[in-house]
Structure formats: C-alpha cells, structure tokens
Amino acid sequence: MSKSPDRAAVEAAIARHAPDARLQWGEPAWERLEENDAANVFLTVRSNPSEFGFLLDILDLSGRDAYELGLQLARELSIALQCSTVCDGTRHGPSQAPGWCIVWIEGRAFLGDDYGSVFFDHDPDDSDAERDRLGPVKLIRPLDL
C-alpha cells in the first residue's frame, strides 16, 4: 500500500470478505497452532522502499482462495485508504509469468509488471548501482475487474 494501513480499515475489509476469519496481528506461533485454529488469519505489516511503502502480509490458514481474497482486499483498501495498492495478478497477465500484478488506484484496476521494480526486486544487500537500476511497478493497461 502507498499509505500506512489503518488497522480498523483492514479488519473491516477482511470482515466483509471473510466474515468467519479470526484475526491476529503478528506472526503466528507455529508451535502453538492447533487444528481448531485453521480459520485464523495472521496479519503483519512490513515496510518496503518502493512506491508501495507498506506491505500487508496475510497468512490465511482457512483454505480460502488467497488470490481472490487478495484482489478483493487490495481493491477495498485502495478505496478506504484513498491510496494505491498492489496484489498478485498472475491470473490476469498475458502469460503465466509470476511478475504480473494488479495495481489498484483508488478502486481502479491496472495490470502491472513488477519485474525490475523496487517493490519486487529490492534486496537490502543491493549496492547503490543495483538499487539505481530498479524502478517503479510498470502499469501496462487498465483492467475491468
């Protein structure tokens, strides 16, 4: 996301699209998970030095379609937070390459290519020259989703 995620907006969006989810902020304690915790959704926010400065990692142990949930949440959060969001777009690209993404700009969808971008390819160990070769996510075309 291009804006810091508001916890209440994230929780409201998940409640609309996965009403049975039980949320927990932070990494899961794998050794303490039990079978009845399979519906838990773990949320973590990390920083990213790209135009999408905040990554919302969602670990959903319920078996829901993560791709579809990601699309729904990215769209809704782009509207609620009035920002740009990005999510997996491999099912919408012209090939099966994993570099396709969907960029949501206040609810409007665009096919994006994140190869060679700071968002996807940044590594903290990169040299200044390597970092300088990286750019923003490329917007390819609008999508009607």
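Preceding block: the structure.
Residues numbered from 1 in each chain as written. Predicted model: local features only at pLDDT ≥ 70, side-chain atom pairs only at ≥ 80, totals over all residues. Heavy atoms only, no water.

Summarising the element assignment, Arg 133 is placed in the loop between helix H4 (128-132) and strand S7 (138-143). Overall, the relative accessible area of 63% leaves Arg 133 in the exposed class. Along the sequence, Arg 133 and Ala 109 sit 24 residues apart, while their C-alpha atoms lie 26 Å from each other. (Helix = DSSP H or I, 4+ residues; strand = E, 2+ residues; numbered from the N terminus. Buried < 20%, exposed > 50% of the residue type's maximum accessible area, 1.4 Å probe, protein only.)

We now examine the sheet that holds strand S1 (residues 22-25). Taken together, the 3 strands give an open sheet; going across it, the order is S1-S2-S3, and neighbouring strands pair in mixed fashion. Where the open sheet ends on each side, the last strands, each with one partner, are S1 and strand S3 (54-60). When the angles between neighbouring strand axes are averaged without regard to direction, this sheet yields 25°. Pairing of strand S2 (residues 40-47) with S3, which is carried by 7 bridges, proceeds in the antiparallel orientation. The partner of Leu 43 across the bridge, within S3, is Ile 58. Its contacts with the sheet put helix H1 (residues 7-17) on S1, S2 and S3, and the angle it makes with S1 is roughly 155°. (Pairing = 2+ DSSP bridges. Axes fitted to C-alpha atoms, helices over the stretch in contact; angles between N-to-C directions. Contact = heavy atoms within 4.5 Å.)

Turning to the nonpolar core, a few remarks are in order. One recurring pattern in soluble globular proteins is that nonpolar side chains are buried together. Among the nonpolar cores identified, the biggest contains 14 residues, and Ile 14, Leu 77 and Leu 81 are the most heavily contacted of them. Of all the secondary-structure elements, those providing two or more residues to this core are H1, S2 and helix H2 (66-80). A per-element tally of this core places H1 first, with 4 residues. (Core = buried A, V, L, I, M, F, W, Y, C linked by side-chain atoms within 4.5 Å.)

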